[in-house]
Amino acid sequence: MTYSYDPSKIGERGLDRMRFELGDVFVEEPEKSAYLSDEEISVALESSASWKRAKLRLIETLLRRFSYEVDTKVAEADWKLHQRVDDWKAEYARLKAEVDAEEIAASGALKVGGSGRPPCFWIGQHDWRHRCI
């Protein structure tokens, strides 16, 4: 497994941008600080229909990985690891809503007869000068 990050490639839709958006940029000691390997990110990007869908899948794996972590207190040290899961859950819910809305709109489920419904409201609808014939 490899772990790489090049900040100069953030503008391109690829491995480095996904690492940047997920905040998984500490790759000097990957076994201690990196969440995902290059291979995991690459496969998610290649096998997903969209960028957001790939990001959603990667966040889902992070939630599963972090779900085993518990809060720990040893003498003076106190680690509240559940807070990390809460942040990922919020991001997952936000992104899931966006992806679902985009997929419904793209599927044509809201269209009737392939042409789409006429609008319920239009500009000047209540204008007394407008005649409906």
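Position numbers for residues start from 1 in each chain and track the written sequence from start to end. Residues qualify for local features only when their pLDDT is at least 70, as the model is predicted, and side-chain atom pairs are given and counted only at 80 or more; totals for whole chains, interfaces and linings, by contrast, use all residues. With hydrogens and water set aside, each side-chain value is computed from the structure's full complement of heavy atoms.

Re the nonpolar core
(1) Moving on: Core analysis: the largest hydrophobic core is formed by 18 residues, its most contacted members being Met18, Leu22, Leu36, Ile41, Leu58 and Trp88.
(2) Moving on: Considering each element in turn, this core owes the most residues, 8 residues, to helix 4 (residues 51–66).
(3) Moving on: Throughout, a contact is declared for two residues whenever any of their heavy atoms are within 4.5 Å. With residues up to four places along the chain from it excluded, the contact list for leucine 36 reads Tyr3, Arg19, Leu22, Asp24, Ile41, Leu58, Thr61, Leu62 and Arg65. Buried residues of nine kinds, namely Ala, Val, Leu, Ile, Met, Phe, Trp, Tyr and Cys, make up a nonpolar core once their side-chain atoms join them within 4.5 Å. The rule is simple: take the accessible area with a 1.4 Å probe, protein chains only, and divide by the maximum for that residue type; under 20% is buried, over 50% is exposed, in between is partly exposed. Strands are runs of DSSP state E lasting at least 2 residues, helices are runs of H or I lasting at least 4, and numbering of each runs from the N terminus.

Focus on the side chain of aspartate 24
(1) Moving on: Mapped onto the elements of the fold, aspartate 24 is located in the loop between helix 1 (15–22) and helix 2 (30–33).
(2) Moving on: The exposure class of aspartate 24 is buried, given its relative accessible area of 2%.
(3) Moving on: Among the polar contacts made by the side chain of aspartate 24, one reaches the side chain of arginine 19 at a distance of 2.7 Å.
(4) Moving on: Side-chain polar atoms of aspartate 24 contact the backbone nitrogen of tyrosine 35, separated by 2.8 Å. Whenever a nitrogen or oxygen atom comes within 3.5 Å of another N or O atom, the pair is scored as a polar contact, on the condition that within protein one atom can donate a hydrogen and the other can accept it, and that pairs from neighbouring residues in sequence are kept only if both atoms are in side chains.

A few points about helix 4
(1) Moving on: Expected helix span is computed as 1.5 Å times (number of residues minus one). Spanning 16 residues, helix 4 covers 23 Å between terminal C-alpha atoms, matching the ideal 22 Å at 1.5 Å per step.
(2) Moving on: Residues of helix 4 that are buried: Trp51, Arg53, Ala54, Lys55, Leu56, Leu58, Ile59, Leu62, Leu63 and Phe66.

Concerning the packing of helix 3 (residues 38–47) against helix 4
(1) Moving on: To get an axis, a line is fitted to the C-alpha atoms, and for a helix only the part in contact is used. The angle between two axes follows their N-to-C directions and goes from 0 to 180 degrees. At a closest axis distance of 8 Å, the pairing of helix 3 and helix 4 adopts a crossing angle of 140°. It follows that helix 3 is oblique to helix 4 by the angle criterion. Helix 4 is crossed by helix 3, and the crossing has right-handed handedness. Residues Glu40, Ile41, Ala44, Leu45 and Ser47 of helix 3 touch helix 4, and the partners they reach there are Trp51, Ala54, Arg57, Leu58 and Arg65.
(2) Moving on: Polar here means any residue other than Ala, Val, Leu, Ile, Met, Phe, Trp, Tyr, Cys and Pro, which are nonpolar, and Asp, Glu, Lys and Arg, which are charged; Gly is therefore polar. Split by residue class, the contact of helix 3 with helix 4 holds 6 nonpolar, 1 polar and 3 charged. Any angle between 65 and 115 degrees counts as roughly perpendicular, while under 35 counts as roughly parallel, over 145 as roughly antiparallel, and the rest as oblique. Definitions for this section: a left-handed crossing has its near helix turned counterclockwise from the far helix by less than a right angle. A right-handed crossing has that turn clockwise.

Digging into the packing of aromatic side chains
Any aromatic ring pair is given by two values, namely how distant the centres are and how the planes are angled relative to each other.
(1) Moving on: Two rings from Phe, Tyr or Trp (for Trp, the six-membered ring) form a pair when their centres sit within 6.5 Å of each other. Planes less than 30 degrees apart are called stacked, planes more than 60 degrees apart edge-to-face, and all others tilted. Scanning all chains against the criterion turns up 2 aromatic pairs.
(2) Moving on: Between tyrosine 35 and phenylalanine 66 the ring centres are 5.3 Å apart and the planes differ by 80°, which places this aromatic pair in the edge-to-face class. In this pair, tyrosine 35 is assigned in the loop between helix 2 and helix 3 and phenylalanine 66 in helix 4, connecting sequence segments 31 residues apart.
(3) Moving on: On the accessibility criterion, tyrosine 35 (24% relative accessible area) is partly exposed.
(4) Moving on: What makes phenylalanine 66 buried here is its relative accessible area of 6%.
(5) Moving on: Centroid distance tyrosine 35 to tryptophan 88: 6.2 Å. Interplanar angle 85°. Geometry classified as edge-to-face. With tyrosine 35 in the loop between helix 2 and helix 3 and tryptophan 88 in helix 5 (residues 82–107), this pair connects stretches of sequence that are 53 residues apart.
(6) Moving on: On the accessibility criterion, tryptophan 88 (11% relative accessible area) is buried.
(7) Moving on: Three or more aromatic residues joined by ring pairs form one cluster here, namely Tyr35, Phe66 and Trp88.

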